[in-house]
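# A structural walkthrough
Listed below are the residues making up each chain.
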Amino acid sequence: MGRRSRDETGSALVELVWLGVLLLVPMLWIVVSVFEVQRGAFGVESAARSAARAYALAPDDASGHDRARAAARQALADQGLDDVPVTVDVRCGELADCHSGTAVITVRVDSKVELPLMPDVLGGGAPSFALASSHTVPIGQYQEITR
């Protein structure tokens with residue numbers, strides 16, 4: 001009795017398609033995640049710069065903090081990051097009044113972006129990537145001088 005050999009025509013194509021799908025899905029997730037983190041990095045950097053300028057233009061420290069938070073939130077919204085948490089921290093060295101003529105302020109903006117397409121598998125919330133940026137500006141650079 002002769003054995004009949006099995007015809008395996010086309011099986012390489014099936015294996016290639018399955019292997020392609022198994023490799024393409026994680027690669028696509030990595031690319032999308034990198035783009036999301038980059039968008040967040042641009043947003044946080046812009047938020048720090050905008051918050052520092054807004055703080056420097058404010059007439060006093062109290063309104064400066066409010067304006068800095070609003071400017072940071074708007075800069076993040078411009079990048080499509082409306083719903084991310086944001087923390088704005090303003091430091092002006094050892095001076096009590098940050099709006100004195102020689103003060104140099106540093107504004108630090110902290111935020112995070114959630115990585116896309118990741119389920120809450122482990123129960124600790126969606127995975128996220130923390131982002132931070134700071135911008136330093138002398139307070140007199142954006143103040144109007146009246147004579």
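So, a few notes on the structure that sits alongside this text. Everything quoted here is computed from the prediction, not taken from an experiment. (Residues numbered from 1 in each chain as written. Predicted model: local features only at pLDDT ≥ 70, side-chain atom pairs only at ≥ 80, totals over all residues. Heavy atoms only, no water.)

Another aspect to go through is the overall build of the protein chain. Scanning the protein chain from terminus to terminus reveals two helices and three strands. The burial tally for the protein chain puts 28% of its 147 residues in the buried class. Restricting the contact set of the protein chain to residue pairs at least 6 apart, pairs at least 24 apart contribute 61%. A total accessible area of about 10300 Å² is found for the protein chain, and carbon and sulfur atoms account for 58% of it. (Helix = DSSP H or I, 4+ residues; strand = E, 2+ residues; numbered from the N terminus. Buried < 20%, exposed > 50% of the residue type's maximum accessible area, 1.4 Å probe, protein only. Contact = heavy atoms within 4.5 Å. Areas by Shrake-Rupley, 256 points an atom, 1.4 Å probe, with all protein chains shown as cover.)

Further remarks concern the pattern of salt bridges. Scanning the entire structure with this criterion turns up five salt bridges. Of the charged contacts, one joins Asp66 and Arg69 as a salt bridge, the two residues approaching to 3.2 Å between their closest N and O atoms. With Asp66 and Arg69 both in helix α2 (residues 61-78) and three residues apart, this pair spans about one turn of that helix. Of the charged contacts in the structure, one is a salt bridge between Arg91 and Asp89, with a shortest N-O distance of 3.2 Å. (Salt bridge = Lys/Arg side-chain N within 4 Å of Asp/Glu carboxyl O.)

With that out of the way, let us pick up the sheet that holds strand β3 (residues 128-138). What holds strands together in a sheet is hydrogen bonding between their backbones, with the strands either parallel or antiparallel. The three strands are arranged β1-β2-β3 in an open sheet whose pairing can be described as antiparallel. Both outer strands of the open sheet, β1 (86-91) and β3, are each paired with one neighbouring strand and no more. The mean angle between the axes of side-by-side strands here comes to 15°, regardless of whether they run parallel or antiparallel. Bridge count for β1 against strand β2 (residues 104-114) is six bridges, and the pairing is antiparallel. For Thr87, the partnering residue across the bridge sits in β2 and is Asp110. Packed onto the sheet, α2 meets β1 and β2 and runs at close to 140° relative to β1. (Pairing = 2+ DSSP bridges. Axes fitted to C-alpha atoms, helices over the stretch in contact; angles between N-to-C directions.)

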